[in-house]
Amino acid sequence: MSPRTPFTQADLTGLRSDIAGEALVRGDPGYDEARTVFNGMIDRRPAVMARCASRADVVRALRFAREQDLEVAVRGGGHSVSGSALCEDGLVIDLRRMHDVAVDREAGAARVGGGATMSDLDRATQPYALATTGGRASTTGVGGFTLGGGSGWLERKFGLACDNLLAADVVTADGGEVRAAADENPDLFWALHGGGGNFGVVTSLTLRLHELPAMSMVLLLFLPENAPEVVRTYRDLMESAPDEAGGGCLCLTGPPEEFVPEALVGKLLCGVLITFAGTEAQVRDVAAPLLALDHESEVVAEIPYADLQCMLDDPSGLRNYWSAEYLDSFPDEAVSAFCTTAAAMPVPSGSQHVLFPMGGAVARGPADYPLPWRSSPWAVHPFGIWESEADDERGKQWVREVRAAVRPWASGAVYLNFIGREGQERVVAGVGEDNYERLAVVKARYDPGNVFHLNHNIKPAVALV
Ligand code: FAD
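As the structure is a prediction and not an experimental result, all values here were calculated from the model. (Residues numbered from 1 in each chain as written. Predicted model: local features only at pLDDT ≥ 70, side-chain atom pairs only at ≥ 80, totals over all residues. Heavy atoms only, no water.)

**So, the side chain of T132**
What counts here: Secondary structure elements follow DSSP: runs of H or I of four or more residues count as helices, runs of E of two or more count as strands, with numbering from the N terminus. Polar contacts, as counted here, are pairs of nitrogen or oxygen atoms within 3.5 Å of one another; within protein the pair requires one atom able to donate a hydrogen and one able to accept it, and residues that are adjacent in sequence qualify only if both atoms are side-chain atoms. In this description, contact between two residues means that some pair of their heavy atoms is separated by no more than 4.5 Å.
Summarising the element assignment, T132 is placed in the loop between β7 (130-131) and α5 (142-148). A polar atom in the side chain of T132 sits 2.9 Å from the backbone oxygen of R208. When residues no more than four places from it in sequence are discounted, the contact partners of T132 are L121, L154, N164, L207, R208, L209, H210 and Y305.

In structure tokens:
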């Protein structure tokens, strides 16, 4: 065991014998795998990885952290770009073993373990032709995704993931077990709609499911010189598209995939994905103005939703740096700014320069939740991904340039799940100033000591006076 480990072997043995899961320390088989997250830039060595298998394990692991005065991190899918799932020398509550999904067809709901991935959820609901809004990568954790808001292909039809949150089971900082729902601890329930992992460990989430008999898509690739026309056409089309239509417009390096012509692999491309909660004929109809433009590649298909959800999975372990701006409008000048910064994107790399349409059920959703960005019609999300540390500065600089270029149209509100650590001002901008104060009061009630601080942190209200 490392000399920095603060507890005794007897303490560790006690923890190990009390939990159904495992407690891994440095040198244990599986420790290095357990401390690996999506972003390859993150390399932290927790003192203990508590791989919890039950709610009782979470309570016990938290008690251990309290007794040993260890910093606490909570790990779901490990997708947080800042690596908030891990701490150095502290204790990580790793929820991945708690990934069961139980579908209640009659109730139209699923009870999802706090460590389940999108794929666990989508594969469980697919056989019933039911679905709910999920993240656009199958390995993202349902927990971190939903608690931060939850934006995905189906959001314009079914709302954000957190709009579909019906209840949550939470273990609080002092080991208390509480349930949050509209009629049970409503302050906590409200805070879980955008306040992230600040209030406790969510061991299960109950999510509303919707009927989804068919899902279709159109994927088109264009040469980069046509990007301004493509983006304008896409904007106009989405501004009047039905709620069933989702997707995004992006600039990317042509990947070595079947649908990419060989000569375009490794080159800068402009792509459009239109997803549609309906049939192939319907998506073809919606995408008609884009299909009419000169394009290099075209995929039009009906596809099971759970398969669509894995279609754009990025490999884990690459270096990631992202940010986002939410726009009040997207006029032609903003299109130019978007396209100019696309041309400056490091290529080849895994980076993506994404434009997401909002609107529909997102904009109509409950205004009360701490999600001030939900009323923005457009989001720009520079998603910097590259392989080598030598490219870190160039990649980060590009992401910052994108933010600066679209700032004239930015509302200032930002979805916190799309950004890394950008300072406390951005956290306040992510939830809204008034909401921040309300969240701080809830935080003071459920986590007065700020045990859960490795996140977009809401400081407990008592600390403000
Ligand atoms: P983790 O890194 O494990 O957790 C992040 C934080 O969430 C933790 O530190 C903790 O504070 C909290 N947390 C997680 N689970 C729990 C829990 N059960 N109880 C309490 N707190 C918890 N977001 C979108 O909205 N839409 C997308 O389409 C989307 N696509 C993505 C694609 C990729 C490839 C990646 C890497 C991320 C994507 N995200 C997307 C962002 C993602 O939603 C956030 O990073 C989210 O925090 C990930 O949750 P996680 O559980 O995987 O992450």
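**Structural notes on the site of the ligand**
The cut-off we apply is this: Neighbouring residues are identified by heavy atoms, a residue being near a molecule or strand if any of them is within 4 Å of it. Residue exposure ignores everything except the shown protein chains as possible cover, and the areas themselves are Shrake-Rupley values with a 1.4 Å probe. Residue type decides the class: Asp, Glu, Lys and Arg count as charged, Ala, Val, Leu, Ile, Met, Phe, Trp, Tyr, Cys and Pro as nonpolar, and the leftover types, Gly among them, as polar.
Near the ligand you find 33 residues, and of these G76, G78, G141, S151 and Y415 are the closest. Between G78 and the ligand, the recorded distance is 2.7 Å, taken from a backbone N or O atom to an oxygen atom. Between the ligand and G144, the relevant distance is 3.3 Å, taken from a nitrogen atom to a main-chain nitrogen or oxygen of the residue. Contact with the protein chains removes 96% of the 940 Å² of surface that the ligand exposes when unbound. When contributions to the shell around the ligand are tallied by element, the ones reaching two or more residues are β3 (72-75), α5 and β10 (201-208). Top element by residues in the shell around the ligand is α5. It accounts for four residues. Of the residues in the shell around the ligand, the class split is 13 nonpolar, 18 polar and two charged.

**A word on the nonpolar core**
Condition: Definition used in this section: a nonpolar core is a set of buried Ala, Val, Leu, Ile, Met, Phe, Trp, Tyr and Cys residues joined via side-chain atoms within 4.5 Å. Each residue's exposure class comes from its accessible area (1.4 Å probe, protein chains only) as a fraction of the maximum for that residue type: buried when under 20%, exposed when over 50%, partly exposed otherwise. The domain boundaries here were taken from an automatic or database domain assignment.
Membership of the largest hydrophobic core comes to 69 residues, with the highest contact counts inside it found for L154, L192, L212, Y326 and W373. The element that contributes the greatest number of residues to this core is helix α16 (residues 433-446), accounting for five residues. Both domain 2 (101-211) and domain 3 (216-418) contribute no fewer than three residues apiece to this core. Judged by nonpolar contacts, the second largest core, of 43 residues, contains C249, L268, A287 and A342.

**Description of the sheet that holds strand β9 (residues 177-181)**
Spelled out, the test is: Pairing between strands is defined by DSSP: at least two bridges between them are needed. Between the N-to-C directions of two axes lies an angle of 0 to 180 degrees, each axis being a line fitted to C-alpha atoms and, for a helix, fitted only over the stretch in contact.
Read from one edge to the other, the open sheet built from five strands follows the order β5-β6-β10-β8-β9, with strand pairing classed as antiparallel. Strands with a single pairing partner mark the edges of an open sheet, and in this sheet they are β5 (101-104) and β9. Here the average twist between neighbouring strands, direction ignored, is 15°. As paired elements, strand β8 (residues 165-171) and β9 share five bridges and run antiparallel to each other. If you follow V171 over to β9, its bridge partner there is E177. Where helix α3 (residues 55-68) meets the sheet, its contacts fall on β8, β9 and β10, and the angle it forms with β8 comes to roughly 45°. Sheet strands in contact with helix α4 (residues 118-125) are β5, β6 (109-113) and β10, and its direction is about 35° off that of β5.

**Observations concerning the pattern of salt bridges**
Definition in use: Whenever a carboxyl oxygen of Asp or Glu lies within 4 Å of a side-chain nitrogen of Lys or Arg, that contact is scored as a salt bridge.
According to the stated counting rule, one finds 31 salt bridges in the structure shown. In this structure, the salt-bridge partner of R426 is E422, at a minimum N-O distance of 2.7 Å. Where salt bridges share partners, they join E33, R51, D94 and R96 into one cluster.

**Thoughts on the domain arrangement of the protein**
Note the threshold: Once two parts are joined, some of their accessible surface, as seen by a 1.4 Å probe, is lost; buried area is that loss totalled over both.
What the domain assignment reports for the protein is domain 1 (9-94), domain 2 (101-211) and domain 3 (216-418). Listed per partner, the contact involves six residues of domain 1 and twelve residues of domain 3. Looking at the side of domain 1 facing domain 3, the largest losses of area belong to F38, M41 and V81, adding up to 76% of the total buried there. Where domain 1 meets domain 3, there are zero salt bridges. Our enumeration of links across domain 1 and domain 3 arrives at three residue pairs in polar contact (both at pLDDT 80 or more). When the residues that make up the side of domain 1 that touches domain 3 are grouped by side-chain class, the tally is three nonpolar, three polar and no charged.

**Topic: helix α14 (residues 392-406)**
The following threshold applies: By this rule, a helix spans an expected 1.5 Å times one less than how many residues it contains. Directions drawn from the helix axis to the C-beta atoms are what define this arc.
Over its 15 residues, α14 extends 22 Å from the first C-alpha to the last, a length consistent with the 21 Å expected when each residue adds 1.5 Å. Those residues of α14 that fall on the buried side of the exposure criterion are D392, G395, K396, W398, V399, V402, R403 and V406. Along the long axis of α14, the arc covered by the buried residues comes to 155°, so they all point the same way. If you follow the buried residues of α14, they end up packed against β16 (319-322), β17 (325-327), α12 (332-343), β18 (352-357), β19 (378-386) and α15 (424-431).

**What about a negative patch on the surface?**
The following threshold applies: Residues form patches when they are more than 30% accessible in relative terms and have no salt bridge. Like charges link within 9 Å. Nonpolar side chains (Val, Leu, Ile, Met, Phe, Trp, Tyr) link within 5 Å. We score Asp and Glu as negative and Lys and Arg as positive, and we do not count His or the chain ends. Throughout, a charge is located at the NZ atom of Lys, the CZ atom of Arg, the CG atom of Asp or the CD atom of Glu.
A surface patch of negative charge is lined by E225, E229, D294 and E296. Relative to the assigned elements, E229 resides in helix α8 (residues 227-239).

**A few points about α4**
Among the residues making up α4, those that are buried are M118, L121, D122, A124 and T125. End-on view of α4: buried residues confined to an arc of 165°, all on one side of the axis. Looking at the buried residues of α4, the elements they touch are β5, β6, β7, α5, β10 and α11 (305-308).

**Brief notes about the pairing of strand β12 (residues 216-222)**
Across a regular strand the side chains alternate sides, sitting on one face of the sheet and then on the other. Burial of β12 is extensive: seven of the seven residues sit out of reach of the surface. Residues S216, V218, L220 and F222 line one face of β12 and the alternating positions M217, L219 and L221 line the opposite face, and both faces are buried. Summarising the sheet, β12 and strand β14 (residues 268-276) pair through seven bridges and their orientation is antiparallel. By the bridge assignment for β14, S216 is matched with F276. Direction of pairing for β12 relative to strand β15 (residues 297-302): antiparallel, over a ladder of six bridges. Directly across from M217, in β15, lies its bridge partner A301.

**Examining the side chain of H210**
Note on placement: H210 falls in strand β11 (residues 210-211). By relative accessible area, H210 is classed as buried at 16%. Excluding anything up to four places from it in sequence, H210 contacts A129, L130, A131, T132, F158 and N164.

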